Amino acid sequence: MRVPKRGGKNRKDHFIPDRFDGQVCLIVGGAQGIGKSIATRLAREGAHLVIADVDRPKLAETKAEISAAGGKVRTIPTDVRRAAQVERLVRQVLAWHRRIDVLMYVSGIGKPVPFVETSEAFWDQTMEVNLKGAFLVSRLVAKQMIKQRGGKIVFMASTNSWDGEGLMAPYNASKAGLFLLGKTMARELGPHGINVNCLGPGFIRTRLTAPIMKDRKFMKKYANLLPLGRLGWPEDIAGPATFLASRDADYVTGVLLFVDGGQLA
Ligand SMILES: NC(=O)c1ccc[n+]([C@@H]2O[C@H](COP(=O)([O-])OP(=O)(O)OC[C@H]3O[C@@H](n4cnc5c(N)ncnc54)[C@H](O)[C@@H]3O)[C@@H](O)[C@H]2O)c1
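Keep in mind it's a predicted model, so treat the numbers as computed, not measured.

Peer 1: I tried to follow the overall build of the protein on my own but got confused; where do I start?
Peer 2: When helices and strands are tallied, the protein shows eight helices and seven strands. Since a compact globule built from 265 residues should have a radius of gyration of about 18 Å, the 18 Å found for the protein is in line with a globular shape. Overall, the protein is about 50 × 45 × 35 Å in size when its C-alpha atoms are taken along their principal axes. Residues counted as buried form 49% of the 265 residues belonging to the protein. When contacts within the protein are restricted to residue pairs at least 6 apart in sequence, those whose partners lie at least 24 apart make up 73%. Per element, the accessible surface of the protein, about 13300 Å² overall, is 55% carbon and sulfur. The averaged location of the 24 negative side-chain charges in the protein is 4 Å from the averaged location of its 40 positive side-chain charges.

Peer 1: What am I meant to see in unusual backbone geometry here?
Peer 2: Leaving glycine aside, a negative phi is the common case for residues, and trans is the common case for peptide bonds. Located in the positive-phi region is R98, a residue other than glycine, with phi close to 70°. Within the element layout of this structure, R98 appears in the loop between α3 (83–97) and β4 (102–105). Classification of R98 by relative accessible area gives exposed; the value is 65%. A positive phi angle, near 60°, is found at R149, a position not held by glycine. Summarising the element assignment, R149 is placed in the loop between α4 (120–148) and β5 (151–156).

Peer 1: Honestly, α4 in this entry has me stumped. Any pointers?
Peer 2: Helical geometry note: an α-helix holds 3.6 residues per turn, so side chains three or four residues apart project in the same direction. For α4, which comprises 29 residues, the first-to-last C-alpha distance of 40 Å matches the rise-based estimate of 42 Å (1.5 Å per residue) to within 8%. Of all the bends in α4, the greatest, near 45°, is centred on E128. Taken from the residues just after α4, R149 is the one with a positive phi, measuring 60°.

Peer 1: I'm lost on the environment of I27 in this one. Help?
Peer 2: By secondary structure assignment, the location of I27 is in strand β1 (residues 24–28). Separated by 75 residues in sequence, I27 and V102 have C-alpha atoms that sit 8.2 Å apart. Beyond its immediate sequence surroundings of up to four residues, I27 is in contact with G35, I38, A39, L42, L49, V50, I51, A52, M104 and V106.

Peer 1: Would you mind showing me how to read the site of the ligand here?
Peer 2: Taken together, 29 residues lie around the ligand, and D53, V106, Y171, I204 and T206 are the ones closest in. The separation between an oxygen atom of the ligand and a polar main-chain atom of G202 is 3.2 Å. With the chains in place, 96% of the 820 Å² that the ligand exposes on its own is no longer accessible. A majority-of-atoms criterion places the ligand in the largest pocket. Elements with a minimum of two residues in the shell around the ligand: α1 (33–44) and α5 (169–189). Broken down by class, the residue content of the shell around the ligand amounts to 14 nonpolar, nine polar and six charged.

Peer 1: Before we go on, may I ask you to explain the pairing of β5 in this structure?
Peer 2: Consecutive side chains along a regular strand alternate between the two faces of the sheet. Across the six residues that make up β5, a large majority, six, are buried. Covered by surrounding structure in β5 are G151, I153 and F155 together with K152, V154 and M156, the residues of both alternating faces. In the sheet, β4 pairs with β5 via four bridges, with the strands oriented parallel. Paired with V102 across the strands is K152, a residue of β5. As a crossover connection, the stretch from β4 through α4 into β5 is right-handed. Pairing between β5 and strand β6 (residues 194–201): six bridges, direction parallel.

Parameters and conventions
Residues numbered from 1 in each chain as written. Predicted model: local features only at pLDDT ≥ 70, side-chain atom pairs only at ≥ 80, totals over all residues. Heavy atoms only, no water. Helix = DSSP H or I, 4+ residues; strand = E, 2+ residues; numbered from the N terminus. Rg over C-alpha atoms; globule rule 2.2 N^0.38 Å. Buried < 20%, exposed > 50% of the residue type's maximum accessible area, 1.4 Å probe, protein only. Contact = heavy atoms within 4.5 Å. Areas by Shrake-Rupley, 256 points an atom, 1.4 Å probe, with all protein chains shown as cover. Lys, Arg positive; Asp, Glu negative; His and termini not counted. Charge placed at Lys NZ, Arg CZ, Asp CG, Glu CD. Expected span 1.5 Å × (residues − 1). Bend = angle between axes of the 7 residues up to and from the residue. Near = heavy atom within 4 Å. Polar contact = N/O pair within 3.5 Å; in protein donor to acceptor, adjacent residues only side chain to side chain. 1 Å grid on protein atoms, 1.4 Å probe; cavity = no way out; pocket = protein on both sides within 12 Å on 5 of 7 lines; lining within 4 Å. Sits in = over half its atoms within 2 Å of the grid points. Nonpolar A, V, L, I, M, F, W, Y, C, P; charged D, E, K, R; others polar. Pairing = 2+ DSSP bridges. Right-handed = clockwise from strand over helix to strand, strands pointing away.

Below is the structure:
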């Protein structure tokens with residue numbers, strides 16, 4: 001696959017070829033943002049990619065971009081809140097490829113709301129996408145990985161799995177839950193050769209954070225407080241996430257790897 005030129009000075013994307021040659025990688029929530037960056041990296045490293053996402057236009061756009069660069073990618077529109085759609089997704093991936101080597105669960109939603117004004121509907125919606133969706137997808141994928149006697153599962157958690165950022169109660173609770181789900185699965189699935197890890201991004205420039213980024217003064221102050229002095233790009237996550245999915249991480253399981261410019265240092 002063609003290797004694209006590097007972007008701006010903060011968008012380094014260290015390229016190690018072929019770590020995923022021939023591997024079947026399922027990215028849930030890979031139509032844009034962090035998930036797209038991971039998908040792009042996996043495709044460049046030889047993966048047979050399947051991307052699932054609820055956002056059909058972005059899914060089509062991402063598929064076209066990755067295919068145009070020579071990547072092997074298929075897509076399946078999926079709402080992770082719907083168990084029947086999740087079942088169809090995993091069935092379809094197996095019909096195409098017969099196995100799943102890597103699952104990246106990246107789907108997530110969140111927005112700032114004061115705790116006392118948080119509606120039950122918003123609580124449920126956040127939990128369904130960020131936590132229950134991860135449970136529904138990984139339960140089915142883990143069954144397949146047990147049959148294969150191996151696989152790598154990576155959940156996109158957050159610094160908010162640990163840090164109780166104000167105005168983000170359902171998001172924080174869902175991401176803390178995701179971390180403990182991952183740790184529990186790591187214990188149960190380790191004997192089957194399956195690694196389960198979480199990645200915790202700090203502040204990354206994506207659609208999710210776009211509303212907060214409008215406050216330029218606040219963002220400048222925030223970035224200056226970070227030991228590494230800048231906000232993150234989706235490409236800053238792709239390397240560490242694919243490390244956790246690679247053979248280099250064969251002896252890593254049950255961890256939450258923070259990639260946050262030193263925010264939690
Ligand atoms: N951007 C950050 O600063 C940041 C920090 C920490 C963690 N994260 C986490 O990283 C992940 C990716 O976030 P992002 O910043 O790239 O945001 P994003 O909005 O660009 O991407 C999220 C993806 O999830 C998909 N999604 C939402 N609801 C879905 C559903 N019901 N079914 C299937 N897919 C669904 C969206 O369509 C989108 O493609 C999220 O889990 C987020 O919580 C992001």
